[in-house]
Amino acid sequence: DGGITQSPKYLFRKEGQNVTLSCEQNLNHDAMYWYRQDPGQGLRLIYYSQIVNDFQKGDIAEGYSVSREKKESFPLTVTSAQKNPTAFYLCASSLSSYNEQFFGPGTRLTVL
Amino acid sequence: QKEVEQNSGPLSVPEGAIASLNCTYSDRGSQSFFWYRQYSGKSPELIMSIYSNGDKEDGRFTAQLNKASQYVSLLIRDSQPSDSATYLCAVNIAGGTSYGKLTFGQGTILTVHP
């Protein structure tokens, strides 16, 4: 089955810890994205990557970091510098930046 | 002015009625337009893509695009309770030197009551 997987589904973090969220796709898509969604809010772009070994900051990149070493994978690290990390994190991919994006199931992060 | 604006709703329609969801965008250079459905606690699911002026139909869904008015809409015919969800409008903003950035509206909550 082709698709996008994210893990874990739920993640709990203590203050001061870094955590890494996984995103994998087997759709052979070039572009991948990370969004954050807060309750009752729209999606906000954190980082995006149009090609392997290249990525750009989105609208709310502070406190986050990413890597794109493989076409299939685009992990997101939420660092201790992110002051309010509790949110629903969504990974997406698309053939190119002008095509429709398909979303993974999401990771719900809670800071304890 | 927000780049992509939707009526926040909530929009409530009876079962079997037509639900009409509206979206306006600010960038005249925008090239592609999408509607996503998001059930509570789930990730967005693509339901329609539209790239040129006019109507595009897919089953009970019709997307309408008017680039001159910078307006895109989604009609859901014969609405069912299972259509109750948040509908997100997304526009590929192609301004300046940025890549085709997909910008989402805040979403419209639709409730279909029996």
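Since the structure is predicted, the reported quantities are computational estimates derived from the model, not experimental observations. Residue numbers restart at each chain and count upward from 1, following the sequence in its written direction. Naming scheme: in the order in which they are written, chains are lettered from A and ligands are numbered from 1. Only residues with pLDDT of at least 70 are given local features in this predicted model, and only at 80 or more are side-chain atom pairs given and counted; all residues enter the totals for whole chains, interfaces and linings. Heavy atoms throughout the structure, all of them, feed into the side-chain values; hydrogens and water do not.

## Overview of the interface of chain B and chain A
Move 1: Here a residue-residue contact requires only that any non-hydrogen atoms of the pair lie within 4.5 Å. Across the contact, 21 residues belong to chain B and 22 residues belong to chain A.
Move 2: Think of a polar contact as two N or O atoms within 3.5 Å of one another; within protein, one of them needs to be a possible hydrogen donor and the other a possible acceptor, and neighboring residues in sequence only count if both atoms come from side chains. Put simply, chain B and chain A have 6 residue pairs in polar contact (both at pLDDT 80 or more) between them.
Move 3: For the purposes of this entry, the term helix denotes a DSSP run of H or I that reaches at least four residues, the term strand denotes a run of E that reaches at least two, and both are numbered from the N terminus. Elements with a minimum of two residues in the side of chain B that touches chain A: strand E4 (33-38), strand E5 (45-50), strand E9 (85-93) and strand E10 (101-104) of chain B.
Move 4: A class-by-class count of the residues in the side of chain B that touches chain A yields 10 nonpolar, 9 polar and 2 charged. Three categories are distinguished: nonpolar for Ala, Val, Leu, Ile, Met, Phe, Trp, Tyr, Cys and Pro, charged for Asp, Glu, Lys and Arg, and polar for the others, with Gly belonging to the last.

## Observations concerning the sheet that holds strand E7 (residues 64-66) of chain A
One key point about sheets: their strands pair by backbone hydrogen bonds, in either a parallel or an antiparallel sense.
Residues and elements named next belong to chain A.
Move 1: One open sheet holds the 4 strands; their spatial order is E1-E3-E8-E7, and the pairing between them is antiparallel. Of all the strands in the sheet, just strand E1 (4-7) and E7 have a single pairing partner and so form its edges. Put simply, the sheet's adjacent strands are angled 20° from each other on average, direction ignored.
Move 2: Sheet analysis places E1 next to strand E3 (residues 19-25), joined by 4 bridges and oriented antiparallel. Pairing between two strands requires that DSSP report at least two bridges joining them. To define axes, lines are fitted to C-alpha atoms, for helices over the stretch in contact only, and angles between the resulting N-to-C directions are given on a 0 to 180 degree scale.

## Some remarks on the environment of Leu-65 of chain B
Residues and elements named next belong to chain B.
Move 1: Residue placement: Leu-65 occurs in strand E7 (residues 61-66).
Move 2: Classification of residues uses two cut-offs on accessible area relative to the type maximum, computed with a 1.4 Å probe and protein chains only: under 20% is buried, over 50% is exposed, and between them is partly exposed. Residue class for Leu-65 comes out buried when judged on its relative accessible area of 5%.
Move 3: Sequence-wise, Leu-65 and Phe-34 are 31 residues apart; in three dimensions their C-alpha atoms are separated by 10 Å.
Move 4: Sequence-distant contacts of Leu-65, defined by excluding residues within four places in its chain, comprise Tyr-25, Phe-33, Ile-50, Tyr-51, Ser-52, Asn-53, Gly-54, Tyr-71 and Val-72.

## Notes on the nonpolar core
Across soluble globular proteins, you tend to see nonpolar side chains buried next to one another.
Move 1: Within this scheme, the nonpolar core is defined by two criteria: the residues are buried Ala, Val, Leu, Ile, Met, Phe, Trp, Tyr or Cys, and they are joined through side-chain atoms within 4.5 Å. Trp-35, Val-72, Leu-74, Ile-76 and Tyr-87 of chain B are the most contacted members of the largest nonpolar core, which has 24 residues in total.
Move 2: When residues of this core are traced back to their parent elements, those giving at least two are strand E3 (19-25), E4, E5, E7, strand E8 (71-76), E9 and strand E11 (108-113) of chain B.
Move 3: Take this core: its biggest share by element is 5 residues, from E9 of chain B.
Move 4: Setting aside residues up to four positions removed in sequence, Leu-74 of chain B forms contacts with Ala-19, Ser-20, Leu-21, Trp-35, Ile-47, Met-48, Phe-61, Thr-62, Ala-63 and Tyr-87 of chain B.
Move 5: Listed in part, the 19 residues of the second largest apolar core include Ile-4, Met-32, Trp-34 and Tyr-64 of chain A.

## Some points on the pattern of salt bridges
All names here are of chain B.
Move 1: We count a salt bridge whenever a side-chain nitrogen from Lys or Arg sits within 4 Å of a carboxyl oxygen from Asp or Glu. Enumeration over the complete set of coordinates arrives at 6 salt bridges over all chains.
Move 2: The partner of Glu-57 in a salt bridge is Arg-77, and the shortest N-O contact between them spans 3.4 Å. Of this pair, Glu-57 sits in strand E6 (residues 54-58) while Arg-77 sits in the loop between E8 and E9, and the two are 20 residues apart along the sequence.
Move 3: Taking relative accessible area as the criterion, Glu-57 reaches 60% and is therefore assigned exposed.
Move 4: On the basis of relative accessible area, Arg-77 is assigned to the partly exposed category, the value being 26%.

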